[in-house]
Amino acid sequence: MADDDDYVFDEESGEWLPASELAGKRAAADRVEVRDSVGNLLSDGDQVTLIKDLDVKGAGQTLKRGTLIKSIRLTGDPQEIDCKFDGIKGLVLRAEFVRKR
């Protein structure tokens, strides 16, 4: 943790900022916003519902519209979410096919 007395030059703004403020600014810039089909902001642990039937490649199974997916995880990609579903390991869904509950 940096002291407030430590100032660092921010190349982007051309200003001298406290090190703690600059670290927070950079962390916020690294965060990726993931939004569902209607624009709701998604976060780790959210529950989502499918908005259309999806064929799951490799599982020989179809997830039906309205299926509830519990406890999603963000992957760092603005269009993909990682989730668990009974009988399917490593399920990754596109954010455009889900709606936050």
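That block above? That's the structure.
About the thresholds
For every chain, the first residue of the written sequence is number 1, and numbering continues from 1 onward in sequence order. Given that the model is predicted, a residue must reach a pLDDT of at least 70 before its local features are reported, and side-chain atom pairs must reach 80 or more before they are shown or counted; all residues, however, enter totals for whole chains, interfaces and linings. Excluding hydrogens and water, the side-chain values take into account all heavy atoms of the structure. The patches reported here contain residues having more than 30% relative accessible area and no salt bridge. Joining distances are 9 Å for like charges and 5 Å for nonpolar side chains (Val, Leu, Ile, Met, Phe, Trp, Tyr). The method behind every accessible area is Shrake-Rupley, applied with a 1.4 Å probe, and residues are considered shielded solely by the protein chains displayed. Here, a salt bridge means any side-chain nitrogen of Lys or Arg that lies within 4 Å of a carboxyl oxygen of Asp or Glu. Secondary structure follows DSSP: runs of H or I at least 4 residues long count as helices, runs of E at least 2 residues long count as strands, and numbering of each begins at the N terminus. Exposure classes here rest on a 1.4 Å probe applied to the protein chains alone. A residue is buried below 20% of its type maximum, exposed above 50%, and partly exposed in between. Two strands pair under a simple rule: DSSP has to find at least two bridges between them. Only heavy atoms enter the contact rule, under which two residues are in contact if any of them lie within 4.5 Å.

Some thoughts on a nonpolar patch on the surface
Item 1. On the surface, Y7, F9 and W16 cluster together into a nonpolar patch covering about 370 Å² of accessible area.
Item 2. Position of F9 among the secondary structure elements: in strand β1 (residues 7-10).
Item 3. Assessed through its relative accessible area of 32%, F9 is described here as partly exposed.

Points about the pattern of salt bridges
Item 1. The full count for this structure, using the stated rule, is four salt bridges.
Item 2. Of the charged contacts in the structure, one is a salt bridge between E33 and R35, with a shortest N-O distance of 3.2 Å.
Item 3. Relative accessible area serves as the criterion here: at 38%, R35 is assigned to the partly exposed category.
Item 4. With a shortest N-O distance of 3.6 Å, D46 and K100 are connected by a salt bridge.

Some points on the sheet that holds strand β11 (residues 88-94)
Item 1. The strand order across the open sheet built from three strands is β9-β10-β11, with neighbouring strands paired in antiparallel fashion. Strand pairing shows two members of the sheet lacking a second neighbour, β9 (73-74) and β11, which therefore form its edges.
Item 2. With five bridges connecting them, strand β10 (residues 80-85) and β11 associate as antiparallel partners. Residue F85 lies in a different strand from β11, and its bridge partner there is I88.

Description of the environment of G58
Item 1. Among the structural elements, G58 can be located in the loop between β6 (54-56) and β7 (61-63).
Item 2. Given the relative accessible area of 88%, G58 is considered exposed.
Item 3. Separated by 39 residues in sequence, G58 and F97 place their C-alpha atoms 19 Å apart.

Side note on the environment of W16
Item 1. Looking at where W16 falls in the secondary structure, it is placed in strand β2 (residues 15-18).
Item 2. Apart from the residues lying within four places of it in its own chain, the contact partners of W16 are Y7, V8 and F9.

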